[in-house]
Amino acid sequence: MSAQSTAEEAPRAPQVDAIASALTSVERPPRPSALSASMSFGWRALLKIKHVPEQLADVTLFPVIMTLLFTYLFGGAISGSVESYIAYIAPGVMVQSVLFITMYSASTLRTDIDRGVFDRFRSLPIWRASALIGMLLGDAVRYTLGAAVTAAVCLAIGWRPEGGFLGVLAGVAVLLIFAFGLGWVWLFFGLILRTPGSVTAVSTIVLMPVLFGSNIFVDPSTMPGWLQAWVDVNPVSGLVTAVRAFMNGTPVGPELGMSLAWSAGLVAVFGSLTMWKYRDPR
Amino acid sequence: MTDLAIETAGLTKVYGDTRAVDGIDLAIARGGVHGFLGPNGAGKTTAIRMLATLIRPDAGSAKVLGRDVVREADAVRGLVSLTGQFASVDEDLTGRENLRLIAKLYGFRGGAATRRADELLEAFGLADAADRQVKKYSGGMRRRIDIAASLVVSPELLFLDEPTTGLDPRARNEVWDIIRALVAHGTTVMLTTQYLDEADQLADRISVIDRGRIIAEGTSSELKASVGSGTLHVRVMHRDDRDAARAILVRELGVDFETTHDPQALVAGLEDRSGVTRALTALEDADIGLAQFSLGQPTLDEVFLALTGHAAEEPTQDAEEAA
């Protein structure tokens, strides 16, 4: 049977002899390091962007819409003109765009689980966190792109950051670190929620009060007391303040340390929860 | 070091109220194919996923190639590979990219990873499709790339979870050839299937699983022998004759005949074959036309029915499989 089909269509049928020799010819290389395994997964994420470029729509179109919408919608009302508002809102809208995009990590993971790729990775003898870290590393590329698009739009409509190029770069770096921490929250949701739909719904519900109940768009001093109290404890407010300070060239306060501490805390708490759930997902 | 590929004691996994796997004891020797046979939802996949360290048992213990699946999970992962409904490849990537990725994850460096990927693509007849996204593969090609991904390093034990479900007969034969090649090389294969003839064809020993429990174990012949020495299959030409034929057969042979979902068929287990010729003559005398009259070993379908009291598969699936 096999000999016959091999003779008839050599290029398309599996070749039993070749499979047998492929089994014996291989020598198992030493295990890859944690870093190298994570980078391989990051490479996978980039390949996916190459094959499915549509998935960049969220990081390109979304920031453009957000920036234009909020700048022109609120600009006049809040500061009298777009020109005076842009310095305030540009860093904020960048934070908002990027943090909004982080949410998609959860549905990416959910899709991997549903399609069966995830179990393949979990069955490999590699450092267990590497598949997830690789996923977040790939996402970091998307976040960077989102930040770049937002910056470009802001520059086009008149943003001239006082902090200069380096200041903007430093702000983006802080933002990416925080986004990496927040990514673990979404990965955890991706593991415990059963469908991509519920993942998106829950992520949105969590993200909305954190993003909008912050100092991204308006100065909290105009808000009622209870809302100010929330805005003050909201880690995104601290992050926005720190990013703003870098980009606007003003002195960076304790918010930088707080943002980094929050990022570390998110990794510690949700990273542990995720890895605990990763051992035995439903 | 142990001679056993798989050894479990009271292995259990509970999901809510369902005991998906309900206290399984296995002792499976190295080498050859061990079949895990049961209908959909019997607990085959859950059991395999515990053995492959993808989920943790709720009770009991399991050793794979002498390593505990919970305490030495990482060592187990280094020795086994898994292919199945839940361990697949990335459909967005090409065949070559998928194999390169797995090769890199096993520690092959850039050039070596590409060479290994190309070697496997060639062997599995996928060289032409190497640069196509896996989502554009046919069902048979898809299964081949899944299996190839499990052989990037040679595993000592390969779990194949329903490797031929949904494949056409030709693609299924190709997968069977691949499995036989693996066994010839010395790989132990643990195969789950809901297809009785697949277990019959490939497996050296078979565990029959139903509702989370192992209900029988043995070689295909042993399982068949446990049902009776032989089975008489009769198919009448016209379905209206079935009841008359049944009455004659019961009278001549003194055993009860069962009807199946085939409206023309009658089946009975026979301990004694001596009256068979007489029964055939009696049917002829009564002018009942026969499409089939055969005495043989029971099929695994009948074994399953005898063991569980219900059929292994729905009639529609039977028809699909026969195609």
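Scroll up a little and you will see the structure.
What this report covers is the structure whose coordinates are included nearby. (Residues numbered from 1 in each chain as written. Chains lettered and ligands numbered in written order. Predicted model: local features only at pLDDT ≥ 70, side-chain atom pairs only at ≥ 80, totals over all residues. Heavy atoms only, no water.)

**What to know about the overall build of chain B**
Turning to step 1, where the next piece is worked out: On a plain count of helices and strands, chain B comes out with 12 helices and 14 strands.
Turning to step 2, where the next piece is worked out: Each of the three principal axes of chain B carries a C-alpha extent, and together these read 80 × 45 × 35 Å.
Turning to step 3, where the next piece is worked out: Buried positions account for 55% of the 323 residues belonging to chain B.
Turning to step 4, where the next piece is worked out: Carbon and sulfur atoms make up 46% of the accessible area of chain B, which amounts to about 13100 Å² in all.
Turning to step 5, where the next piece is worked out: On chain B, the mean spot of the 36 positive side-chain charges and the mean spot of the 51 negative ones are 8 Å from each other. (Helix = DSSP H or I, 4+ residues; strand = E, 2+ residues; numbered from the N terminus. Buried < 20%, exposed > 50% of the residue type's maximum accessible area, 1.4 Å probe, protein only. Areas by Shrake-Rupley, 256 points an atom, 1.4 Å probe, with all protein chains shown as cover. Lys, Arg positive; Asp, Glu negative; His and termini not counted. Charge placed at Lys NZ, Arg CZ, Asp CG, Glu CD.)

**Some thoughts on the interface of chain A and chain B**
Turning to step 1, where the next piece is worked out: Each side of the interface is counted separately: chain A has 50 residues, and chain B has 55 residues.
Turning to step 2, where the next piece is worked out: Interface of chain A and chain B: buried area, both sides summed, is about 4900 Å²; carbon and sulfur atoms make up 56% of it.
Turning to step 3, where the next piece is worked out: The three residues of chain A that bury the most area against chain B are A:Leu23, A:Trp43 and A:Arg120, which together make up 15% of that side's buried surface.
Turning to step 4, where the next piece is worked out: Counting the contacts that link chain A with chain B gives 9 salt bridges.
Turning to step 5, where the next piece is worked out: The salt bridge partner of A:Arg115 is B:Asp92, with a shortest N-O separation of 3.5 Å.
Turning to step 6, where the next piece is worked out: At the junction of chain A with chain B, the criterion picks out 21 residue pairs in polar contact (both at pLDDT 80 or more).
Turning to step 7, where the next piece is worked out: Going through the elements one at a time, α2 (16–25), α3 (34–51) and α7 (117–122) of chain A are the ones with two or more residues in the side of chain A that touches chain B.
Turning to step 8, where the next piece is worked out: Taken together, the residues of the side of chain A that touches chain B break down into 25 nonpolar, 9 polar and 16 charged. (Contact = heavy atoms within 4.5 Å. Buried area = accessible area lost by both parts, 1.4 Å probe. Salt bridge = Lys/Arg side-chain N within 4 Å of Asp/Glu carboxyl O. Polar contact = N/O pair within 3.5 Å; in protein donor to acceptor, adjacent residues only side chain to side chain. Nonpolar A, V, L, I, M, F, W, Y, C, P; charged D, E, K, R; others polar.)

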